[in-house]
Amino acid sequence: MGNIEDIVNSLENKISKVLHKLELLKLANSKLNEELEVSKKEIHNQKLHIASWEEKYEALKMANAMLGSDDNKRETKLKINALIREIDHCITQLSD
């Protein structure tokens, strides 16, 4: 009979250790999920920040093109032509 009791006690100890380890893993998983959410929010904020800077860059690039910088002469001519076409289109709509 003592042999069966030893086996049962051994199993109880092992189950207790497994349950304890399960709780530790749950806590670690919870902590990792929180860190993941924080990281996702940070990435989202950084994407918004990047988009804002890209918008500012494009505006600056267009301003430089409008000023006629040497680097963007072709772009400047294209922008001016596009603006003239838009103005012509508006004039024709107004005259109708």
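Here's what I pulled together on the structure shown here. (Residues numbered from 1 in each chain as written. Predicted model: local features only at pLDDT ≥ 70, side-chain atom pairs only at ≥ 80, totals over all residues. Heavy atoms only, no water.)

**With respect to the overall build of the protein**
On a plain count of helices and strands, the protein comes out with 2 helices and 0 strands. Taking 12 Å as the expected radius of gyration for a compact globule of 96 residues, we find that the protein reaches 34 Å, considerably beyond that expectation. Each of the three principal axes of the protein carries a C-alpha extent, and together these read 110 × 40 × 15 Å. Residue burial in the protein is summarised as follows: out of 96 residues, 3% are buried. Accessible surface computed for the protein: about 9100 Å², of which carbon and sulfur atoms make up 61%. Treating the 15 positive side-chain charges of the protein as one cloud and the 17 negative ones as another, the clouds have centres 4 Å apart. (Helix = DSSP H or I, 4+ residues; strand = E, 2+ residues; numbered from the N terminus. Rg over C-alpha atoms; globule rule 2.2 N^0.38 Å. Buried < 20%, exposed > 50% of the residue type's maximum accessible area, 1.4 Å probe, protein only. Areas by Shrake-Rupley, 256 points an atom, 1.4 Å probe, with all protein chains shown as cover. Lys, Arg positive; Asp, Glu negative; His and termini not counted. Charge placed at Lys NZ, Arg CZ, Asp CG, Glu CD.)

**Brief notes about the packing of aromatic side chains**
With the rule as written, the count across this model stands at 0 aromatic pairs. Its guanidinium or amino end placed over the ring of W53, K56 lies 4.6 Å from that ring's centre, counting from NZ or CZ. (Phe/Tyr/Trp six-rings, centres within 6.5 Å; stacked < 30°, edge-to-face > 60°. Lys NZ or Arg CZ within 6 Å of the ring centre and 35° of its normal.)

**Some points on a nonpolar patch on the surface**
Together, I7, L11, I15, L19 and L22 give the surface a local cluster of nonpolar side chains, amounting to about 460 Å² of exposed area. As for its position among the elements, L22 is in helix 1 (residues 2-67). (Patch = residues over 30% accessible without salt bridge, like charges linked within 9 Å, V, L, I, M, F, W, Y side chains within 5 Å. Salt bridge = Lys/Arg side-chain N within 4 Å of Asp/Glu carboxyl O.)

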